[in-house]
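# Close look at the chain arrangement
Residues per chain are reported as follows:
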Amino acid sequence: RELAQELLRLQAKRAASSGHSFPPEGEIEREFAASFPYEPTEDQARATVETLEDMMSPRPMDRLVVGDVGFGKTEVAMRAAFKCVMGVKQCAMLAPTTVLADQHFRTFTQRMASFPVEVAIMTRFQTKGEQKDTLAQLKAGKVDIVIGTARLLQKDVRFHDLGLVIVDEEHRFGVSDKERLKKVRVNADILSLSATPIPRSLHQAMTGLRGISLISTAPVGRQQLTLLGQQERA
């Protein structure tokens, strides 16, 4: 009951506050979008547009992107994170496991290698010295995007100017964990990704408390593999 009351107060505070209006798409964002090596599906493109439009709105974003594994949610997240950095803000991405956090770190690092973006990782795999260095750089604003596990929820994590929080596999985190990140910055934009959203998230989307984007179309390569598998079973 106490948690529900706290969530209601937090949601009301976010609704009444003014978020950061990120600037319209610039040339460097168009270059980043063009560097995507695949052809986005219609659903993926729509989810990206909806997310970026939310970020350009003065109201704090709270959007849920739903799609099966391999359907392109990560690219939507990277486009959002890139816009955040181009808007001179920091981005935090929360993953449920160290393996997934490391996977995202590698993907983000490779995708943004040609652009002026500093990406860091915070999990139990990093030594205490490495974590201490990352914490100092986060606080000083020298790290643009930090990807990590629940380690990012600990009290010693301080941001210079947090603008976007991305929660991957939202259904695998507890309510209190996700809301703790929102408290870090009440007017920060929130982007959640999930293949199997929990009822609470769907209810919030259906009642208008948060936006929702559905990616229901598989990429071309995945469609071909699915068809081949079906033919083999037949």
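Residues numbered from 1 in each chain as written. Predicted model: local features only at pLDDT ≥ 70, side-chain atom pairs only at ≥ 80, totals over all residues. Heavy atoms only, no water.

With that settled, consider the pattern of salt bridges. Counted under the stated rule, the structure contains eleven salt bridges. Its salt-bridge partner being Glu-25, residue Arg-79 comes within 3.7 Å of it at the nearest N-O pair. Taken together, the residues span a long stretch of sequence, with Arg-79 in helix α4 (residues 73-86) and Glu-25 in the loop between α1 (2-16) and α2 (27-34) at a distance of 54 residues. The class of Arg-79 is buried, set by a relative accessible area of 16%. For Glu-42, the salt bridge goes to Arg-46, with nearest N and O atoms at 3.8 Å. Taken together, the positions of Glu-42 and Arg-46, both in helix α3 (residues 42-56) and four residues apart, correspond to about one turn of that helix. In the salt-bridge network here, residues are joined through shared partners; they are Glu-42, Asp-43 and Arg-46. (Salt bridge = Lys/Arg side-chain N within 4 Å of Asp/Glu carboxyl O. Helix = DSSP H or I, 4+ residues; strand = E, 2+ residues; numbered from the N terminus. Buried < 20%, exposed > 50% of the residue type's maximum accessible area, 1.4 Å probe, protein only.)

Within the secondary structure layout, Ala-95 lies in the loop between β2 (90-94) and α5 (98-111). By relative accessible area, which is 0% here, Ala-95 ends up buried. Among residues more than four places away in sequence, those in contact with Ala-95 are Leu-100, Ala-101, His-104, Gly-148, Thr-149, Ala-150 and Phe-173. (Contact = heavy atoms within 4.5 Å.)

Enumeration according to the criterion identifies four aromatic pairs in this entry. Consider the rings of Phe-32 and Phe-115, whose centres lie 5.4 Å apart with planes at 80°: the pair is edge-to-face. On the criterion of sequence distance, the pair formed by Phe-32 in helix α2 and Phe-115 in the loop between α5 and β3 (119-122) is long-range, its members being 83 residues apart. With respect to class, Phe-32 is no different from Phe-115; both count as buried. With centroids separated by 5.7 Å and ring planes inclined at 75°, the aromatic side chains of Phe-36 and Tyr-38 adopt a geometry described as edge-to-face. On the basis of relative accessibility, which here comes to 17%, the residue Phe-36 falls in the buried class. Over the ring of Phe-32 we find Arg-111, and its NZ or CZ is 4.1 Å from the ring centre. (Phe/Tyr/Trp six-rings, centres within 6.5 Å; stacked < 30°, edge-to-face > 60°. Lys NZ or Arg CZ within 6 Å of the ring centre and 35° of its normal.)

Let us now look at the packing of α2 against α4. As a packed pair, α2 and α4 sit with axes 11 Å apart at the nearest point and diverge in direction by 160°. By the criterion of interaxial angle, the relationship of α2 to α4 is roughly antiparallel. Of the two elements, α2 crosses α4, and the hand of that crossing is right-handed. Side by side, α2 and α4 meet where Ile-28, Glu-29, Phe-32 and Ala-33 of the first sit next to Met-78, Arg-79, Phe-82, Lys-83 and Met-86 of the second. (Axes fitted to C-alpha atoms, helices over the stretch in contact; angles between N-to-C directions. Parallel < 35°, antiparallel > 145°, perpendicular 65-115°, else oblique. Left-handed = near helix turned anticlockwise from the far one by under 90°.)

Right, let's get into the pairing of strand β6 (residues 189-194). In terms of burial, β6 is largely enclosed, as six of its six residues are buried. Across the two faces of β6 the burial is the same, with Asp-189, Leu-191 and Leu-193 and Ile-190, Ser-192 and Ser-194 all buried. Bridging between strand β1 (residues 62-67) and β6 involves five bridges; their strand directions are parallel. Within β6, the position partnered with Arg-63 by the bridge is Leu-191. Relative to β6, strand β5 (residues 162-167) is paired through four bridges, and the arrangement is parallel. Bridge pairing in β6 links Leu-164 to Asp-189. (Pairing = 2+ DSSP bridges.)

Just distances and angles here, no functional claims.
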